[in-house]
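Remarks on the overall topology
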Amino acid sequence: VGGGNFSFAAALSETLYASTRVTATCLQRSADVAGNPVARENLRRLRERGTEVRFGVDCTQLADAFKPQHREFDRIYFNFPHCGRKAGVAKNRELLAKFFQSCKDVLADEGEVHVALCRGQGGTPADKPRREWHNSWQVVAMAALGGFILSDVHPFGCEAVPGYKCTGYRSQDKPFHLEGALNHIFTRSLPFEGSQPRIFRIKLGDRWFSFPEPEALVGKLNRGFLEAHSCHPVKTINEKLIAELGKAFPLKRLKCSFPLLPEGSPSVLTSWNCDHLSAAFWISLCEDNSNSESLTSGTTQDIEDVLELFSEFSLLKDSGRDSKQETHEEICGQTKVCLRPSLLVHVQAVIQAPDFLPGSLHVLSAPVFRKCHILPFTMPAFHETLFILGFNKNLKDSYLQSLLDHLKDTLDSLLNQTLLEGSKLSSSVEFVFQPKGNDYIINVKSHNFGSDCAKDLIIGSVATSAISIVHKDQCFMFVSVNLDLLAMLVWGISDWRMLWTFDHRFLKHFVPGKIESFKSYSLYPPCYVHDISFWLDEKKEFDELEFHTVARAVSQDTVISIQFLSSFQHPETQQVSLCYRLTYQTCDKALTQQQVASVQSQFRKEIQQRLHVTPR
């Protein structure tokens, strides 16, 4: 679109197969172009190849130019768009926005939109030098208005299309400067829309129950990333980790089929997992006697196998209740349950099982869920692998050192598989002893996110304990590993949310048996910043963790940062006001300023209702 002298279309058509259908368009009328000898020659070349040429085509109204049967283009090119003369950045942004909105009507589902811009115009980090955001054309933000994301960007080279001559605005003699110009390649994004929580129906014994998934976990339940058929990176890294440790210790892999913690067994709530329970997602199961067939719609899932269900959901005792009370409370047909916050809740059941084998490494792997603050490397849902090793108390030091050594060697090897040849920026694992207990944290110093500065990330923990009633002469070691963080480090995936995307392009990157650095298909997504301040309720304590959880739920995980800015106490009423800054950004979807404004408005309403604060 927007051809000046048709030199680009003529040159491009000669690099394509004869079966490729090319349509060349320009805004001018045929008579306006006829006086240009270069344009006449290029039109002759195009027509000899059977290329369709159209005049008077407005690139902001493409649906009007093409009948439905003539749409579905695989690529749309717009080289050096410009409103002309002294049009400012605002006018050119408007042109881009309308162009992208027009493209969505005529582009194939997996098609591409190529936009070439002069140096600095795009406003992305790829521009050298980079303009200030407000002084650029904000091409990624404008593309989002049409539902597109930037998937690639590279220098615009005329040598790729020999014969192309940039003409400037409306074929004027003064061409655009091509030095430092960039070609931006956009693809369709998954729609950003308000996903409603799915309803799950489960069968416990002969009774059916139903519940909605928590809003902060929409799209994260029952994903099956660790199932046998999966090619997800968390499955790949888990299998590699288990296989390597299996070379040093006998393995016993366990299915995560412990639906209920033992009734009246508060000892399972030990010091090293009580913290996890305090951040658990609690939900209510409602007895549901309706016909299951009538409810199995697109947003309802029936789960009849109790063991399969509780590979993700464990009924847990509310730690704040008296241990003599019933483990599960039933009020008005509701059963209080929580989503499993850690595999450590299963430790007691594993080591007290009749078939527990001291000296063997028992392995559990499953997703876990817990509330957390919004930070770059904290996540409300992730996949955990738990290794449990029992051994004679007298051999504690040798077993501990042996497992730590093998674990370090295995993790070091995995973390450096994508190390570039000749690079000295390797990743390293260290076990940091925690003086308040017999625990270690597994810390990784990594350069796998494209920075010269190493990041310190805690990917797991190691604990020892002698808690078994059955094996009184035994000591036990528990190693917990966050598989999502480990996968991010191994493949260089900078955003944990990418692991949960529904975009099929993510999994296409992962080839069985091969580990290569991940290249995102959504580059330089724009950030949007909103501040919020509110008065606290003097009668209720403000729960900052719940504040983050509500932000996560309402924004569908598009809030990537919450920064506390200030507090203020009114000199007369003594009422306290807090102010926070929220930063919105997606990793796999187009997100517009208007959508963010709508989310922010909804967030103000939700915190007023749920947290009993008064937005200012």
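Everything discussed here concerns the structure shown above.
Treat the numbers as computed from the prediction; the structure is a model and nothing was measured.

This part is about the environment of F382. Within the secondary structure, F382 sits in strand β16 (residues 381-392). By relative accessible area, which is 7% here, F382 ends up buried. As for F382 and W500, which are separated by 118 residues in sequence, their C-alpha atoms are 9.4 Å apart.

Tracing the chain through its elements places R370 in the loop between β15 (361-369) and β16. Of the side chains bearing the opposite charge, E384 lies closest to the buried R370, which forms no salt bridge; the N-O distance is 4.9 Å. Here P341 takes part through its backbone oxygen, which lies 2.8 Å from a polar atom of the side chain of R370.

The subject of this paragraph is the pattern of salt bridges. A full pass over the atoms with the stated rule returns 24 salt bridges. Here R45 ties to E14 by a salt bridge, and the two come within 3.1 Å at their closest N and O atoms. With a gap of 31 residues between them, R45 in helix α3 (residues 37-48) and E14 in the loop between α1 (7-13) and β1 (23-26) connect regions that are remote in the sequence. E14 gets classed as partly exposed once you look at its relative accessible area, which sits at 43%. Its salt-bridge partner being E94, residue K98 comes within 3.1 Å of it at the nearest N-O pair. Taken together, the residues K98 and E94, both in helix α5 (residues 89-103) and four residues apart, mark about one turn of the helix. Look at E94 and you get partly exposed, because its relative accessible area is 38%. One salt-bridge network, in which partners are shared between bridges, spans E41, R44 and E48.

Take the sheet that holds strand β4 (residues 107-117) next. One open sheet accounts for four strands, arranged β3-β4-β6-β5; its pairing is mixed. The open sheet is flanked by β3 (73-79) and β5 (148-155), the only strands paired with a single partner. Across the sheet, the axes of successive neighbouring strands diverge by a mean angle of 20°, strand direction being ignored. Against the sheet, α5 contacts β3, β4, β5 and β6 (182-188), and its axis sits at roughly 160° relative to β4.

Quick look at the sheet that holds strand β18 (residues 439-446) now. Here seven strands make up an open sheet; going across it, the order is β9-β15-β16-β20-β19-β18-β17 and the pairing mixed. Whereas interior strands pair on both sides, the edge strands pair on one side only; in this sheet they are β9 (251-253) and β17 (428-434). The mean angle between the axes of side-by-side strands here comes to 25°, regardless of whether they run parallel or antiparallel. Of the strand pairs in this sheet, β9 and β15 are connected by three bridges, and their pairing is parallel. Counterpart to L251 in the pairing with β15 is L361. The strands touched by helix α12 (residues 396-415) within the sheet are β15, β16, β17, β18, β19 (455-465) and β20 (474-482), with β17 carrying the most contacts at an inclination of about 145°.

In this section: the nonpolar core. The biggest cluster of nonpolar side chains holds 86 residues, and the ones touching the most others in it are L241, F387, I442, L486, W491 and I493. For this core, the element with the most residues is helix α13 (residues 483-491), which contributes eight residues. Shared between two domains, this core holds at least three residues of each, these being domain 2 (225-254 + 343-509) and domain 3 (527-615). When neighbours within four sequence positions are excluded, F387 is seen to be in contact with L241, I242, L245, L361, H362, V363, M477, F478, V479 and V481. The next biggest cluster of nonpolar side chains, apart from the first, holds 55 residues, and it includes V106, V140, V596 and I607.

Their axes nearest at 10 Å, the elements helix α7 (residues 233-246) and α12 cross at an angle of 140°. If you check the angle between α7 and α12, you find them oblique. For the pair α7 and α12, the crossing hand works out as right-handed. Here α7 contributes I237, K240, L241, E244 and L245 to the contact with α12, which in turn contributes H406, L407, T410, L411 and L414.

Considering all chains together, one arrives at zero disulfides under this definition. We note that C59 lacks a disulfide partner, and the nearest cysteine sulfur, in C103, lies 7.7 Å from it.

Let us now look at α12. Relative to the 28 Å expected for 20 residues at 1.5 Å per residue, α12 spans 28 Å between its end C-alpha atoms, a close match to the ideal helical length. If you check which residues of α12 are buried, you get L400, L403, L404, L407, T410, L411, D412, L414 and L415.

Here the focus is the packing of aromatic side chains. Counting across every chain of the model gives 26 aromatic pairs. Seen in terms of ring centroids, F99 and F100 are 5.3 Å apart; in terms of plane orientation they differ by 55°. Their pairing is tilted. Judged by its relative accessible area of 0%, F99 falls in the buried class. Here F100 falls in the buried class, since its relative accessible area comes to 0%. Ring centres of F564 and Y580 lie 5.4 Å apart, and the angle between their planes is 65°; on these two criteria the pair is classed as edge-to-face.

Calculation criteria
- What you see as residue numbers is a count from 1 along each chain, following the sequence as written.
- Restriction of local features to residues with pLDDT of at least 70 applies here, the model being predicted, together with a cutoff of 80 or more for giving and counting side-chain atom pairs; totals for whole chains, interfaces and linings are based on all residues.
- The side-chain values count all of the structure's non-hydrogen atoms but skip hydrogen atoms and water molecules.
- Numbered from the N terminus, helices here are DSSP runs of H or I no shorter than four residues, and strands are runs of E no shorter than two.
- Partly exposed describes any residue whose relative accessible area lies between the buried limit of under 20% and the exposed limit of over 50%, with all areas from a 1.4 Å probe on protein chains only and scaled to the type maximum.
- We treat Lys and Arg as the positive residues and Asp and Glu as the negative residues; His and chain ends play no part in the count.
- What counts as a salt bridge is simple: a side-chain nitrogen of Lys or Arg found within 4 Å of a carboxyl oxygen of Asp or Glu.
- Pairs of N or O atoms within 3.5 Å make up the polar contacts considered here, provided that, within protein, one atom can donate a hydrogen while the other can accept it, and that residues adjacent in sequence are counted only when both atoms are side-chain atoms.
- One requirement defines pairing of two strands: DSSP has to find at least two bridges between them.
- Whenever a helix is involved, its axis is fitted only over the stretch in contact; in every case the axis is a line through C-alpha atoms, and angles between N-to-C directions fall within 0 to 180 degrees.
- Contacts: residue pairs with any heavy atoms within 4.5 Å of one another.
- In this description, a nonpolar core means a group of buried Ala, Val, Leu, Ile, Met, Phe, Trp, Tyr and Cys residues linked to one another through side-chain atoms lying within 4.5 Å.
- Where each domain begins and ends follows an automated or database-derived domain assignment.
- For classification purposes, an angle smaller than 35 degrees is called roughly parallel, one larger than 145 roughly antiparallel, one from 65 to 115 roughly perpendicular, and anything else oblique.
- By definition, turning the near helix anticlockwise from the far helix through less than a right angle yields a left-handed crossing, and turning it clockwise yields a right-handed one.
- Our working definition of a disulfide is a cysteine sulfur pair at a distance within 2.5 Å.
- The length a helix should cover is 1.5 Å for every residue beyond the first.
- Whether two aromatic rings pair depends on their centres lying within 6.5 Å, for rings of Phe, Tyr and Trp, where Trp uses its six-membered ring; planes under 30 degrees apart make the pair stacked, over 60 edge-to-face, and the rest tilted.

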